[in-house]
Amino acid sequence: MISDRLVDEINEQIKHEFYSAYMYLAMSADCADRNLTGFAHWMKLQAEEEVGHAMRFVDFLLERGARVELQALDQPPARFGSPLEIMEKSLEHERFVTGRINELYALAMDENDYPAQVLLQWFVTEQVEEEASIDEIVERMKMFGQDGSALLMLDTQLGERPAESAE
Ligand SMILES: [Fe+2]
Ligand SMILES: [Fe+2]
């Protein structure tokens, strides 16, 4: 039996994953507005991935016979600042989510909930990848500073990101 506390925490995590999707979609729109079409594409794929994360938790609760209680989402900002600030804000957000995932994993350990641990292991790995890929972009952007042609090159590169194949 999955504990009530773990069910509550996973329901809350579903909200954070959907909020992540909402935030990345808002960032995508902000980037599109600045004609950073590659950034916009990259952010839109991030948003889709986050919906996939939320669905993993939803399916898990349903498979465990637990209740799914969707919570209200906060309104994300419409403007996020400079392109570097947008990437810095997404890194900051991913770090927050990593903290949440780690707390969930600790709880699943505490409660000897092995299926939840297996699910969360996937998320632990995913968060390492998320933080690494965004950190790399942030560091490159800091390296080229105000160089517009370097920004456009990065934009082209981000625009080539392929959609994740469904697992
Ligand atoms: Fe996520
Ligand atoms: Fe994420």
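Residues numbered from 1 in each chain as written. Chains lettered and ligands numbered in written order. Predicted model: local features only at pLDDT ≥ 70, side-chain atom pairs only at ≥ 80, totals over all residues. Heavy atoms only, no water.

Structural notes on the coordination of the iron ion (ligand 1)
The test is simple: Metal-coordinating donors are taken as N, O and S atoms lying within 2.8 Å of the metal, or within 3.2 Å when the metal is Na, K or Ca; because water is left out, some sites can appear incomplete. Going along the chain from the N terminus, every DSSP run of H or I of four or more residues is numbered as a helix, and every run of E of two or more is numbered as a strand. Burial status follows relative accessibility: with a 1.4 Å probe on protein chains alone, a residue under 20% of its type maximum counts as buried, one over 50% as exposed, and anything between as partly exposed.
Only Glu17 (OE), Glu50 (OE) and His53 (ND1) from the protein reach the iron ion (ligand 1) as donors, at distances of 2.1 Å. Binding-site remark: the iron ion (ligand 1) is held by donors from one chain whose sequence spacing is E-x32-E-x2-H. In this structure the iron ion (ligand 2) is found 3.4 Å away from the iron ion (ligand 1), and glutamate 50 serves as a bridging donor for the pair. Residue glutamate 17 is located in helix H1 (residues 4-33), and its partner histidine 53 is located in helix H2 (residues 37-63); the two are separated by 36 residues in the primary sequence. For glutamate 17, a relative accessible area of 0% puts it in the buried group. In this structure histidine 53 comes out as buried when scored by relative accessible area, which is 2%.

Focus: the coordination of the iron ion (ligand 2)
So the rule is basically this: Only two sets of limits are used to name each site, 85 to 135 degrees for every angle of a tetrahedral four-donor site, and over 155 degrees for opposite donors with all other angles from 65 to 115 for a square planar four-donor or octahedral six-donor site, with any other site named irregular.
At the metal site, the iron ion (ligand 2) is ligated by Glu50 (OE), Glu94 (OE), Glu94 (OE) and Glu130 (OE), and these contacts range over 1.9 to 2.6 Å. Of note is the iron ion (ligand 2), whose four donor atoms meet at the metal with angles of 53 to 144 degrees in an arrangement that counts as irregular. Summarised as a motif, the one-chain spacing of the donors to the iron ion (ligand 2) is E-x43-E-x35-E. Judged by relative accessible area, which is 1%, glutamate 94 ranks as buried. Overall, glutamate 130 belongs to the buried group, its relative accessible area being 4%.

Things to note about the pattern of salt bridges
The cut-off we apply is this: A pairing counts as a salt bridge when a side-chain nitrogen of Lys or Arg comes within 4 Å of a carboxyl oxygen of Asp or Glu.
Inspection of every chain in the model, using the stated rule, returns 11 salt bridges. Between arginine 64 and aspartate 113 there is a salt bridge whose closest N-O contact spans 3.0 Å. Highlighted residues: arginine 64 in the loop between H2 and helix H3 (83-110) and aspartate 113 in the loop between H3 and helix H4 (114-144), separated in sequence by 49 residues. Since its relative accessible area comes to 23%, arginine 64 is described here as partly exposed. Through salt bridges with shared partners, one network takes in Asp30, Asp33, Arg34 and Arg79.

Brief notes about the nonpolar core
Selection criterion: Put simply, a nonpolar core is a bunch of buried Ala, Val, Leu, Ile, Met, Phe, Trp, Tyr and Cys residues held in one set by side-chain atoms that sit within 4.5 Å of each other. Whether two residues are in contact is decided by their heavy atoms: any pair within 4.5 Å suffices.
In this structure, Phe39, Met43 and Met87 are the most contacted members of the largest nonpolar core, which totals 23 residues. For this core, the secondary structure elements donating two or more residues are H1, H2, H3, H4 and helix H5 (148-159). For this core, the element with the highest residue contribution is H1, accounting for six residues. For methionine 87, the contacting residues outside a window of four places in its chain are Phe39, Trp42, Met43, Ile134, Ile137, Val138, Met141 and Leu158. Counting residues in hydrophobic clusters, the runner-up holds 21 residues, among them Ile2, Val58, Leu107 and Ala116.

A word on H4
Under the convention used in this document: Expected helix span is given by 1.5 Å per residue-to-residue step, counting one fewer step than there are residues.
Between the first and last C-alpha of H4 there are 46 Å, a value that for 31 residues agrees with the 45 Å anticipated at 1.5 Å per step. Turning to H4, its buried residues number three or more, namely Ala116, Gln117, Leu119, Leu120, Phe123, Glu126, Gln127, Glu130, Ile134, Ile137, Val138 and Met141. Buried-residue contacts for H4 involve H1, H2, H3 and H5. Backbone geometry just downstream of H4 places glycine 145 in the positive-phi region, at approximately 55 degrees.

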